[in-house]
Amino acid sequence: MDFVESDALAEHRQAAHAWAERHFRPEWVEQEHATGTHHNPELHALLGQQGLLGAGWPAQYGGTDVDPAYALAVFQEIGARGLRMDGWVTTEMVTRTILHVATEEAKQEIVPAALRGEVVIVLGYTEPGSGSDVAAARMRAVRDGDEWVVNGSKMFTSTAHMATHVFLLARTNTEVPKHKGLTLFLARLDAPGVEVQPVHTLGGQRTNATFYSDVRVPDSMRIGEVDGGWGVMRVALVHERGTAVAPGGPTLVEQVAEWARTAPGPDGAPLLDDPTVAEQLARLAIDDEVSRLLGLKVRWIAATGGMPGIEGSMAKLYSSEAEQRRVDVLTDLLGEQALLRDGAGPLHGAVEWAYRKAPVSTIYGGTSEVQREIVAERRLGLPRSRPVG
Amino acid sequence: MDLSLTEDQQALRGSVAELFAGQATSERVRAAEAVGHDPALWRVLVQSGIPTMGVAEELGGGGATVADLVVVAIEAGRRVAPVALPEALTAAALLAASPAGADLLAGVGEGDVVPTVALRPLRNGTAGPVPGAAVADVVVALDGDELVALSRPEGVAAEPLPDLGGAALAEVATTVWSQRLVLATGDEARGAHDDAVSLWRVLTAAALEGLRQEALRIGVEYVKDRHAFGVPIAWFQTVQHRLAEVATAGDGAELLVHEAAWARDTGDPRAAALARMALLFAAETAQQTAAASLHFHGGYGFTLEYDIQLYYRRAKAWPLALGAPRHELRALAADLFAGEAA
Ligand SMILES: Cc1cc2nc3c(=O)[nH]c(=O)nc-3n(C[C@H](O)[C@H](O)[C@H](O)COP(=O)(O)OP(=O)(O)OC[C@H]3O[C@@H](n4cnc5c(N)ncnc54)[C@H](O)[C@@H]3O)c2cc1C
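Residues numbered from 1 in each chain as written. Chains lettered and ligands numbered in written order. Predicted model: local features only at pLDDT ≥ 70, side-chain atom pairs only at ≥ 80, totals over all residues. Heavy atoms only, no water.

Colleague: Tell me about the overall build of chain B, and please be specific about residues and values.
Modeller: Of regular secondary structure, chain B possesses 12 helices and 8 strands. For 342 residues, the compact-globule estimate of 2.2 N^0.38 gives 20 Å, and the C-alpha radius of gyration of chain B, at 20 Å, lies within 12% of that figure. Burial status across chain B gives 55% buried among its 342 residues. Of the roughly 13,700 Å² of accessible surface on chain B, 53% is carried by carbon and sulfur atoms. Across chain B, the 25 positively charged side chains and the 43 negatively charged ones have centroids separated by 8 Å. (Helix = DSSP H or I, 4+ residues; strand = E, 2+ residues; numbered from the N terminus. Rg over C-alpha atoms; globule rule 2.2 N^0.38 Å. Buried < 20%, exposed > 50% of the residue type's maximum accessible area, 1.4 Å probe, protein only. Areas by Shrake-Rupley, 256 points an atom, 1.4 Å probe, with all protein chains shown as cover. Lys, Arg positive; Asp, Glu negative; His and termini not counted. Charge placed at Lys NZ, Arg CZ, Asp CG, Glu CD.)

Below, the structure is given as structure tokens:
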């Protein structure tokens, strides 16, 4: 075995760094914090104009000749500087799906514009009444000539307030089992009848509730077969992001350990001299290493041509649960210092912030229960425990 | 990056798996519980060159890497084989590191000497309970400034201590183990012992990993088979999720064990820290897996008849031979967060 992960993007790191030095504006990070919006329109437009979004895509649909590895290195550099690009992540997922299954008209209309940064697509799967059981969606779409008329509501439509389109999972047939009556549509968010309301979250992120009343969508913007939506969802889920990792800085545990080397405890001695503190930090460092290794395995399987489905679930399950153990331990370890936000707290309030953010990790991207179900059924060969239908 | 075993390692795994499946059956493991050692199994291991397989070829060993030894230790752990294998491999490495150990090492290779190692330095002439010492001919130990090979005079027996995991525990005290051969002194002695204990951590973590895999397999088979309320108990979500949880941590433990071996073989600066991590985490996951698996046997898991109790006891017993994990955690903190005084 060999545990050295070579940096696939090494040759592009310097150029990506130079790109960021030239174009990246530190106030974008402050804006993201202040608004909770994980999408920066200025940055997005710039990436589109410079052909970075279109790197590696087919030329006939607006692909550019920018090296995709360089583009990925730039995206990682942006991430390392503390900015998230959720708008592009969801746009890319849906655009890839469109290339796979949509009509030529939809491909021509959407893909080049998305790669220029002019179209931003968000995901409308979750509803007020259904999340994990995504196929239970109740949004209705009814055919009317060349158009579809859509009614219903979506919950957690993140980035919808900054986007042009939403990828809607809707019910087109109520006479068949739930998985067989679903269809996907790409609706314009500026269409009459669409309403976007903000939803604020514990981790500071702003997401949305979106409402649709008699919204008209042309049949050309139906993505995939009528009633074939479940199959399309599976395609969409396969189009996850590239699995290369950005070189990371010190972990939160390492940062706290470094801080604890000099920060005095109640007795005046450095906190890290307290054996209980040292023990707890060491235990957290093991969790970090295990999370890293499970992620490494996912990347190794993908790099050797495999499909790391079960291993992806394991990595997500372990690291998200570990994140929650970590914030619980670290807050207790810091005691009253953990209460202080931002500049008032140690490490610029990093532990307080981590505590707020942690709960979502076991909820989105498939809850821990959903991941355990995958591991139980597919790795351990245990029977399906859910009711079917 | 390559997370697969080499072809040679796969072949090695196949042959040792077969060896232990044949020689460490449930009956043999149970028969050896009181003594903690199966002499017939040991003879087969000697014939296969396993106790000295990690020793350099020039010194008559097998020249195996730590990664290879880990493959063997996993298979031994899977069958909870009643031999103190991590201890013997570690003792052999220490004997090989000193010219003074040559005769004893040759004896190990020929099957005349069963070796073990005292993991804790002697204090006031005793190392406390040492696995394998009840049946060993020689114990390698750190006594003050000296690394020594201790043995007993003719006719003096080591007194086996009744224990949790059938590990042939006996007190190692210089009053009983009164014959000593000095292998090294000073910093060299301390450095060699430290390094050997680090090797023992990796090998014991590997044995625990094998134990964990089998404990999981036993539990999964049982829940598929046993019915309650008209369905297999595998159907219930609390059963599924607890098993999925330990299986997930288990994948992590397996990776960590192999990473620790790789780090030792390549001289990676994190090798010592990874060895501690591997032992701590493999111990934790093995215990949790065996406990879950036992629990899902219901009352039968508590009976001696079912094998899961053999796994449950050893999951705790093997790592604790080194001492309380809190000391390991503190030492790990010192390794990781250098400059720290704990
Ligand atoms: C910040 C944020 C952003 C999001 N962004 C988006 C987005 O952009 N687009 C989008 O479509 N969605 C988005 N989501 C929604 C997210 O995908 C869902 O919240 C998630 O899938 C869980 O669904 P739910 O909230 O309806 O919870 P539920 O499905 O109601 O689950 C509630 C609880 O029941 C448990 N449970 C459910 N089913 C089972 C089962 N079979 N066995 C055992 N336990 C079960 C769950 O694990 C959970 O603990 C976002 C959510 C958040 C919090």
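That shown, we press on.
Colleague: Mind laying out the overall build of chain A, listing which residues take part and the relevant values?
Modeller: Helix and strand content of chain A: 12 helices and 8 strands. Buried residues in chain A amount to 50% of all 389 residues. Here the analysis covers contacts within chain A between residues at least 6 apart in sequence; of these, 68% occur between residues at least 24 apart. Carbon and sulfur atoms make up 53% of the accessible area of chain A, which amounts to about 18,000 Å² in all. (Contact = heavy atoms within 4.5 Å.)

Colleague: Please set out the domain arrangement of chain A residue by residue, giving values where relevant.
Modeller: When its domains are assigned, chain A resolves into domain 1 (7-84), domain 2 (122-228) and domain 3 (245-378). Taking only C-alpha atoms, the centre of domain 1 of chain A and the centre of domain 3 of chain A are 26 Å apart. (Domains from an automatic or database assignment.)

Colleague: Please set out the interface of chain B and chain A residue by residue, giving values where relevant.
Modeller: Listed by partner, the interface residues are 44 residues for chain B and 43 residues for chain A. Summed over both partners, the interface of chain B with chain A comes to about 4,300 Å²; 69% of that surface belongs to carbon and sulfur atoms. If you sort the residues of chain B by the area they bury against chain A, Met1(B), Leu3(B) and Phe337(B) come out on top, with a joint share of 18%. One can count 7 salt bridges joining chain B with chain A. Where the side of chain B that touches chain A is concerned, the elements lending two or more residues are helix H7 (186-225), helix H8 (237-266), helix H9 (271-295) and helix H12 (325-336) of chain B. (Buried area = accessible area lost by both parts, 1.4 Å probe. Salt bridge = Lys/Arg side-chain N within 4 Å of Asp/Glu carboxyl O.)

Colleague: Could you give an account of helix H9 (residues 275-303) of chain A, with specific residues and numbers?
Modeller: All names here are of chain A. A rise of 1.5 Å per residue sets the reference length of H9, with its 29 residues, at 42 Å; its end C-alpha atoms lie 42 Å apart and thus fit the reference within 8%. Burial analysis of H9 places 22 of its 29 residues in the buried class, the great majority of the element. Between the side-chain oxygen at the start of H9 and the backbone nitrogen of Thr276 there is a gap of 2.9 Å, and the oxygen is on Asp274. Looking one or two residues beyond H9, the residue adopting positive phi is Gly305, at roughly 90°. (Expected span 1.5 Å × (residues − 1). Polar contact = N/O pair within 3.5 Å; in protein donor to acceptor, adjacent residues only side chain to side chain.)

Colleague: Before we move on, can you summarise the nonpolar core with the specific residues and values?
Modeller: Counting residues in each nonpolar core, the largest one holds 131 residues, and the members touching the most others are Leu281(A), Ile286(A), Phe20(B), Leu45(B), Val70(B), Leu85(B) and Leu256(B). Here Leu85(B) is in contact with Phe20(B), Leu45(B), Ile50(B), Val72(B) and Ala76(B), once residues within four sequence places are set aside. In this structure, Val74(A), Leu83(A), Ala114(A) and Ala137(A) belong to the second largest nonpolar core, which totals 69 residues. (Core = buried A, V, L, I, M, F, W, Y, C linked by side-chain atoms within 4.5 Å.)

Colleague: Pulling in residues and values, what's your account of the sheet that holds strand E4 (residues 146-151) of chain B?
Modeller: Residues and elements named next belong to chain B. Strand order in the open sheet formed by 4 strands is E1-E3-E4-E6, and the pairing between neighbours is mixed. Every other strand in the sheet has two partners, leaving strand E1 (115-117) and strand E6 (179-185) as the edge strands with one partner each. The sheet shows a mean angle of 25° between the axes of neighbouring strands, direction not considered. As paired elements, E4 and E6 share 6 bridges and run antiparallel to each other. Across the sheet, the residue bridging to Glu146 is Thr185, located in E6. (Pairing = 2+ DSSP bridges. Axes fitted to C-alpha atoms, helices over the stretch in contact; angles between N-to-C directions.)

Colleague: Give a description of the site of the ligand that names residues and reports values.
Modeller: Around the ligand, the structure places 17 residues, and the nearest of them are Thr126(A), Ser132(A), Phe156(A), Thr367(A) and Glu369(A). Among the chains of the assembly, those with residues near the ligand are chains A and B. Separating a nitrogen atom of the ligand from a backbone N or O atom of Phe156(A) is a distance of 3.1 Å. Ser158(A) places a side-chain nitrogen or oxygen 2.9 Å from a nitrogen atom of the ligand. (Near = heavy atom within 4 Å.)

Colleague: Lay out the confidence of the model for chain B with the relevant residues and their values.
Modeller: The share of residues in chain B with pLDDT of 70 or more is 99%, and the mean pLDDT across the chain is 97. In the model output, the complex is listed with pTM 0.96 alongside ipTM 0.97. (pLDDT = per-residue confidence, 0-100.)

Colleague: So what's going on with the packing of H7(B) against H8(B)? Residues and values would help.
Modeller: All names here are of chain B. Two elements in contact, H7 and H8, have axes whose closest approach is 10 Å; the angle formed by their N-to-C orientations is 155°. Here H8 runs roughly antiparallel to H7, going by the angle between their axes. Between H7 and H8 lies a crossing of left-handed hand. On H8, the residues that touch Asp195, Ser198, Leu199, Val202, Ala205, Ala206, Glu209, Arg212, Gln213, Leu216, Val220 and Val223 of H7 are Val239, Leu243, Val246, Ala247, Gly250, Asp251, Ala253, Glu254, Val257, Ala260, Ala261 and Arg264. By residue class, the composition of the contact of H7 with H8 is 15 nonpolar, 3 polar and 6 charged. (Parallel < 35°, antiparallel > 145°, perpendicular 65-115°, else oblique. Left-handed = near helix turned anticlockwise from the far one by under 90°. Nonpolar A, V, L, I, M, F, W, Y, C, P; charged D, E, K, R; others polar.)

Colleague: Describe the pattern of salt bridges, listing the residues and the values that go with them.
Modeller: Tallying each qualifying case throughout the model produces 51 salt bridges over all chains. In this structure, Arg25(A) engages Glu42(A) in a salt bridge whose closest nitrogen and oxygen atoms are separated by 2.5 Å. Of the two residues, Arg25(A) is situated in the loop between helix H1 (10-23) and helix H2 (27-35) and Glu42(A) in helix H3 (residues 41-49); the sequence distance between them amounts to 17 residues. Arg25(A) sits in the partly exposed class, given a relative accessible area of 32%. Here Arg180(B) ties to Glu146(B) by a salt bridge, and the two come within 2.6 Å at their closest N and O atoms. Remark: Glu146(B) occurs in strand E4 and Arg180(B) occurs in strand E6; sequence separation between them is 34 residues. On the basis of relative accessible area, Arg180(B) is assigned to the partly exposed category, the value being 40%. Because the salt bridges share partners, they merge into one network encompassing Arg283(A), Asp287(A), Arg325(A) and Glu284(B).

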